[in-house]
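Here is how the chains run, residue by residue.
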Amino acid sequence: MNVGVAHSEVNPNTRVMNSRGIWLAYTILVGLLHVVLLSIPFFSIPVVWTLTNVIHNLAMYVFLHTVKGTPFETPDQGKARLLTYWEQMDYGLQFTSSRKFLSISPIIL
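Small disclaimer: the values here were computed from a predicted structure and weren't measured.

(A) Region of the structure containing the overall build of the protein chain. Within the protein chain one finds 4 helices and 0 strands. Each helix and strand of the protein chain, placed in order from N terminus to C terminus, yields the pattern α-α-α-α. Here the C-alpha radius of gyration of the protein chain, 17 Å, is well above what a compact globule of 109 residues would show, namely 13 Å. Considered along the principal axes of its C-alpha atoms, the protein chain spans approximately 50 × 30 × 25 Å. Every one of the 109 residues in the protein chain was classed for burial, and the buried ones make up 27%. The contacts in the protein chain between residues at least 6 apart in sequence include a share of 52% that link residues at least 24 apart. Summed over its atoms, the accessible surface of the protein chain is roughly 7800 Å², and 68% of this surface lies on carbon and sulfur atoms. Within the protein chain, the 5 negative side-chain charges are centred at a point lying 6 Å from the centre of the 7 positive side-chain charges.

Okay, structure coming up:
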């Protein structure tokens, strides 16, 4: 491992949603959140669905649209630090499969 050497990608954030199994992991995490909320005894099922939807949407808003920058050191001379994850994803291309998945998942939920 070379210490201090940047990744081969200019920005690894641009391809993480296209990684193998990430959509399945995303779906499992949402399901796990729902099961955890179901385990709270005084919540009814409609309340749990509402909480699952609200927590999911708040978390996605924060992670996709408010947090700027990248957790990786990138050689792009600071361009990524001014962009949110949604703007960085898929190199900024619109209507990719990842963006469609992240747009449809709250609707289905």
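(B) Focus on the UniProt feature "transmembrane region" (unreviewed entry) in the protein chain. The residues that UniProt annotates with the feature "transmembrane region" (unreviewed entry) are residues 21–40 and 46–64. For residues 21–40, the helix share is 85%, the strand share is 0%, and the end-to-end C-alpha distance is 29 Å. In the segment residues 46–64, helix accounts for 100% and strand for 0%; the C-alpha atoms at its two ends are 27 Å apart.

(C) A look at helix 1 (residues 22–38). Over its 17 residues, helix 1 runs 24 Å from end to end, which matches the ideal 24 Å to within 8%, given 1.5 Å per residue. Of all the residues in helix 1, the buried ones are Y26, V30, H34 and L37. Down the axis, helix 1 shows its buried residues gathered within 75 degrees of arc, on one side only. Turned more than 90 degrees from where helix 1 packs its buried face, L24, I28 and L29 sit exposed. On its buried face, helix 1 is in contact with helix 2 (45–66) and helix 4 (97–108).

(D) Summary view of the nonpolar core. Counting 9 residues, the largest nonpolar core consists of M17, Y26, V30, L64, Y85, W86, M89, F101 and L102. The set of elements that each furnish at least two residues to this core consists of helix 1, helix 3 (85–88) and helix 4. Residues within four places of L64 in sequence aside, it is in contact with T84, Y85, W86 and L102.

(E) Examining the packing of helix 1 against helix 4 more closely. One can describe the packing of helix 1 onto helix 4 by two numbers: an axis separation of 12 Å at closest approach and a directional angle of 15 degrees. Compared by their axis directions, helix 1 and helix 4 come out roughly parallel. The element helix 1 and its partner helix 4 pack so that their crossing is right-handed. Contacts between helix 1 and helix 4 involve W23, Y26 and T27 on the former and, on the latter, S97, S98, F101, L102 and S105. In terms of residue class, the contact of helix 1 with helix 4 is built from 4 nonpolar, 4 polar and no charged.

What counts, and at which threshold
- Residues numbered from 1 in each chain as written.
- Predicted model: local features only at pLDDT ≥ 70, side-chain atom pairs only at ≥ 80, totals over all residues.
- Heavy atoms only, no water.
- Helix = DSSP H or I, 4+ residues; strand = E, 2+ residues; numbered from the N terminus.
- Rg over C-alpha atoms; globule rule 2.2 N^0.38 Å.
- Buried < 20%, exposed > 50% of the residue type's maximum accessible area, 1.4 Å probe, protein only.
- Contact = heavy atoms within 4.5 Å.
- Areas by Shrake-Rupley, 256 points an atom, 1.4 Å probe, with all protein chains shown as cover.
- Lys, Arg positive; Asp, Glu negative; His and termini not counted.
- Charge placed at Lys NZ, Arg CZ, Asp CG, Glu CD.
- UniProt positions renumbered as here; feature names shortened; annotations may be inferred.
- Expected span 1.5 Å × (residues − 1).
- Arc of directions from axis to C-beta.
- Core = buried A, V, L, I, M, F, W, Y, C linked by side-chain atoms within 4.5 Å.
- Axes fitted to C-alpha atoms, helices over the stretch in contact; angles between N-to-C directions.
- Parallel < 35°, antiparallel > 145°, perpendicular 65-115°, else oblique.
- Left-handed = near helix turned anticlockwise from the far one by under 90°.
- Nonpolar A, V, L, I, M, F, W, Y, C, P; charged D, E, K, R; others polar.

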